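Now for the letters of each chain:
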Amino acid sequence: MLRIENLYKEFGNIKAVNNISFEVKRGQVFGLLGPNGAGKSTAISMISTLIEPTKGDIFFEGKSILKDSKPIRQRLGVVPQDIALYPTLTGYENLSFWGSVNGLKGQELKNRILEVSDIIGLNGRLNDRVDKYSGGMKRRLNIGAALLHKPELLIMDEPTVGIDPQSRNHILDTVLELNKQGMTIIYTSHYMEEVEYLCNELCIMDEGNIIASGTQQELVDLVKEKTQINLKLDKNDEEVINHLMEIKGVYEAKINENVINLFGSSTDVLLADIIAKVTENGWMIETIDVKKPNLESVFLHLTGKALRD
Ligand SMILES: Nc1ncnc2c1ncn2[C@@H]1O[C@H](COP(=O)(O)OP(=O)(O)OP(=O)(O)O)[C@@H](O)[C@H]1O
């Protein structure tokens, strides 16, 4: 559906986006994950046709959006990171404004406002002024404004920043519901959990570059040897460590405040072998805790820094 080819954006000396390429397939929730300043918003702004790339191209259904942006723009819905609403107008008036900007009018516009306010869960509050809304309600209305013209591709730039957990969950579930109904979505975030919850495929960005891309499983496989199992036994000394190190796939074992930290590859095989080894030696397990690698560990592994630094 969307193909990004060797895209660059420079602001003076700043290389905000530095040669990125990726493809979004119809029906996906595609994630762009990266810390603040990684270049996500700049990439999104180019895809949304709001700013022009320094170099490179973007194809929507095979057509360059740089050459003929207007008809393509109408098939996109853009949820900007900064809330684009008029605080002194009501929710209804804001939706009405954004609907007419997107070419809707008359009964069709009225119907869509009602449908959209249902999707974003604001139908009881449409006649209140936006400056009376909570942060979460404003974010939801901001999303609603992008949905009125039924876009095929919804582009969301950090839509949950600065809101309460309840509104955040509502937004995440709305994204999944829209996707279930057939909408393709690009979702940018610096929250690993959100991307993990929503996205089939993703790119991890840092300092203008894509440092890894693929399905969650493919990315996590990059660090699969980092599975950590914390084991508390009734006995922990060098002898126990030596026995545990005999297990195939365990490459490190150490004692840390009465807990044994084991590092190894495939969790399932490891667990079975650890339990067998413990039983064989007549030890007792007090607690066992498995920490599987996640997207956060992938980012740490590739950049040496935490996602939220
Ligand atoms: N209009 C601009 N002029 C100059 N520099 C810019 C401009 N827009 C972005 N940048 C710079 O480009 C880099 C990438 O910023 P961008 O906003 O795309 O990152 P991001 O990953 O979306 O982070 P955030 O979530 O903080 O917006 C940053 O160093 C930023 O300061």
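Refer to the structure presented above.
Residues numbered from 1 in each chain as written. Predicted model: local features only at pLDDT ≥ 70, side-chain atom pairs only at ≥ 80, totals over all residues. Heavy atoms only, no water.

Asks: What's the story with the overall build of the protein chain in this structure? I'm lost.
Replies: When helices and strands are counted, the protein chain shows 11 helices and 14 strands. The principal-axis extent of the C-alpha atoms belonging to the protein chain is close to 80 × 45 × 35 Å. Within the protein chain, buried positions represent 46% of all 309 residues. Look at the contacts in the protein chain between residues 6 or more apart in sequence, and 67% of them connect residues 24 or more apart. Looking at the protein chain as shown, the accessible area adds up to about 15,100 Å², and 48% of this sits on carbon and sulfur atoms. (Helix = DSSP H or I, 4+ residues; strand = E, 2+ residues; numbered from the N terminus. Buried < 20%, exposed > 50% of the residue type's maximum accessible area, 1.4 Å probe, protein only. Contact = heavy atoms within 4.5 Å. Areas by Shrake-Rupley, 256 points an atom, 1.4 Å probe, with all protein chains shown as cover.)

Asks: Help me out: how do you make sense of the site of the ligand in this one?
Replies: With respect to spatial proximity, 13 residues lie near the ligand, and among them Gly-37, Gly-39, Lys-40, Ser-41 and Thr-42 are the closest. Residue Gly-37 places a main-chain N or O atom 2.7 Å away from an oxygen atom belonging to the ligand. Elements that contribute at least two residues to the shell around the ligand include exactly strand E2 (14–24) and helix H1 (40–47). When residues of the shell around the ligand are assigned to their parent elements, the largest contribution, 3 residues, is made by H1. Residue composition of the shell around the ligand, by class: 5 nonpolar, 6 polar and 2 charged. (Near = heavy atom within 4 Å. Polar contact = N/O pair within 3.5 Å; in protein donor to acceptor, adjacent residues only side chain to side chain. Nonpolar A, V, L, I, M, F, W, Y, C, P; charged D, E, K, R; others polar.)

Asks: Help me out: how do you make sense of the packing of aromatic side chains in this one?
Replies: The description of two aromatic rings rests on the distance between their centres and on the angle between their planes. Within this structure, the stated rule accounts for 3 aromatic pairs. Arranged with centres 5.1 Å apart and planes meeting at 10°, the rings of Phe-22 and Phe-30 form a pair that is stacked. Given a relative accessible area of 7%, Phe-22 falls into the buried group. Taking the relative accessible area as the measure of exposure, Phe-30 reaches 2% and is therefore buried. Ring plane angle 75° and centroid distance 5.2 Å describe the contact between Phe-97 and Trp-98, whose orientation is recorded as edge-to-face. Taken together, the ring pairs connect Tyr-86, Phe-97 and Trp-98 into an aromatic cluster. The ring of Tyr-191 has Arg-168 sitting right over it, with the charged end atom 4.9 Å from the ring centre. (Phe/Tyr/Trp six-rings, centres within 6.5 Å; stacked < 30°, edge-to-face > 60°. Lys NZ or Arg CZ within 6 Å of the ring centre and 35° of its normal.)

Asks: Explanation requested: the environment of Val-116 in the structure shown.
Replies: Relative to the helices and strands, Val-116 is located in helix H4 (residues 106–119). Put simply, Val-116 and Leu-148 are 32 residues apart on the chain and 6.5 Å apart in space, counted from C-alpha to C-alpha. Setting aside chain neighbours within four positions, we find Val-116 in contact with Gly-144, Leu-147 and Leu-148.

Asks: Just checking my understanding: could you explain a nonpolar patch on the surface for this structure?
Replies: Taken together, the side chains of Tyr-86, Phe-97 and Val-101 define a hydrophobic patch exposed on the protein surface, amounting to about 270 Å² of accessible area. Position of Tyr-86 relative to the elements: it lies in the loop between strand E6 (76–79) and helix H3 (91–101). (Patch = residues over 30% accessible without salt bridge, like charges linked within 9 Å, V, L, I, M, F, W, Y side chains within 5 Å. Salt bridge = Lys/Arg side-chain N within 4 Å of Asp/Glu carboxyl O.)

Asks: Help me understand helix H9 (residues 238–245) in this model?
Replies: Every α-helical turn comprises 3.6 residues, leaving residues that sit three or four positions apart pointing alike. Regarding H9, the residues found buried are Val-240, Ile-241, His-243 and Leu-244. All buried residues of H9 fall inside an arc of 165° around its axis, so they share one side. One side-chain oxygen at the N-terminal end of H9 lies 3.1 Å from the backbone nitrogen of Glu-239; it belongs to Asp-237. (Arc of directions from axis to C-beta.)

Asks: Even after reading the chapter, I still don't get the pattern of salt bridges, so can you show me in this structure?
Replies: Side-chain pairs of opposite charge can arise whenever the charged atoms involved come near each other. Taken as a whole and judged by the stated rule, the model has 20 salt bridges. In this structure, the salt-bridge partner of Glu-158 is Lys-40, at a minimum N-O distance of 3.3 Å. One end of the pair, Glu-158, is in the loop between strand E7 (153–157) and helix H6 (165–180); the other, Lys-40, is in helix H1, and 118 residues separate them in sequence. Across the salt bridge formed by Glu-152 and Arg-75, the nearest N and O atoms sit 2.7 Å from each other. A residue pair is termed long-range when its members are at least 10 positions apart, and Glu-152 in the loop between helix H5 (135–147) and E7 and Arg-75 in the loop between helix H2 (69–73) and E6 qualify at 77 residues.

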